[in-house]
Amino acid sequence: MALYRFRVTFEDYDDVTREIDIKSNQNFEDLHRAIHQSTGYNPEFSSSFYISNDQWIKGEEITYLPNQKRIDRGVSLMDKVKLSSFIDDPHQKFYYTFNFDRPYDFHVELMKIILDETPGIVYPTVVKSVGEAPRQIIPGVIPTDLPVSTSDDFDFLNEVGFNPEDAEDFSEVDEHGEHVEKEDETEEEEDEFGSEFSDDEGFEDTDKSHDDY
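Residues numbered from 1 in each chain as written. Predicted model: local features only at pLDDT ≥ 70, side-chain atom pairs only at ≥ 80, totals over all residues. Heavy atoms only, no water.

Draft legend 1. Region of the structure containing the sheet that holds strand 2 (residues 17–23). Pairing in this open sheet of eight strands is mixed, and the strands run 5-4-3-6-7-1-2-8 from one edge to the other. Two strands close off the open sheet at either side, each with one partner strand: strand 5 (76–77) and strand 8 (125–130). Direction of pairing for strand 2 relative to strand 8: antiparallel, over a ladder of five bridges. Bridging from a neighbouring strand, E19 pairs with K128 of strand 8. (Pairing = 2+ DSSP bridges. Helix = DSSP H or I, 4+ residues; strand = E, 2+ residues; numbered from the N terminus.)

Here it is as structure tokens:
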């Protein structure tokens, strides 16, 4: 049985590639699943291959888990179409979109045709993997591998000499236990001195008293 070797590259991450060997009589769903065996993604999302030319222009569509619009258009299903049905070029290309809700786009190119399969190998199989695939984002699912904040995150406050008791300088608690802003004592002192001088009726301009002479 002849084998196809495909090179699969993320359109937006061209440093991440996979090479996959697959039997010519296997179908597009087999290739779809093999790609996500190599990326670690959950393959159970609506996706499509498109027959493409050298400029990666999309042609006929072959889909998986189609929406109603695709069903109404009669788009072919991946599990019903063999790869050999669309291999017309020794460098046949397929444009592939995985998960239409949060899509990743791929370029899939036939690299060579191998005439004999290797005994003992289960196909499809990943024969080369370069680069780490970006993390799959699933709508409505919060990633579980995000870093968890700990008290260590606030060590920088200790480094600059922050003391939680200093926060008392900014507020007071009233008789009901509510925080209220403290008035600026310096401003009060200035007002005291200012009012003291302004209300002093006995203060006279000494320069004026000299002019009287």
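There's more to say after this.
Draft legend 2. Summary view of the pattern of salt bridges. Summed over all chains, the structure comprises nine salt bridges. Here K23 makes a salt bridge to E117, at a shortest N to O gap of 3.8 Å. On the criterion of sequence distance, the pair formed by K23 in strand 2 and E117 in the loop between strand 7 (104–114) and strand 8 is long-range, its members being 94 residues apart. Under the relative-accessibility criterion, K23 is labelled partly exposed at 24%. With a shortest N-O distance of 2.5 Å, E61 and R70 are connected by a salt bridge. Residues E61 and R70 agree in their burial class; the two are buried. Three or more residues are tied together by salt bridges with common partners; here these are R7, D54, K93 and E109. (Salt bridge = Lys/Arg side-chain N within 4 Å of Asp/Glu carboxyl O. Buried < 20%, exposed > 50% of the residue type's maximum accessible area, 1.4 Å probe, protein only.)

Spatial relationships are all this shows, so hold off on functional conclusions.
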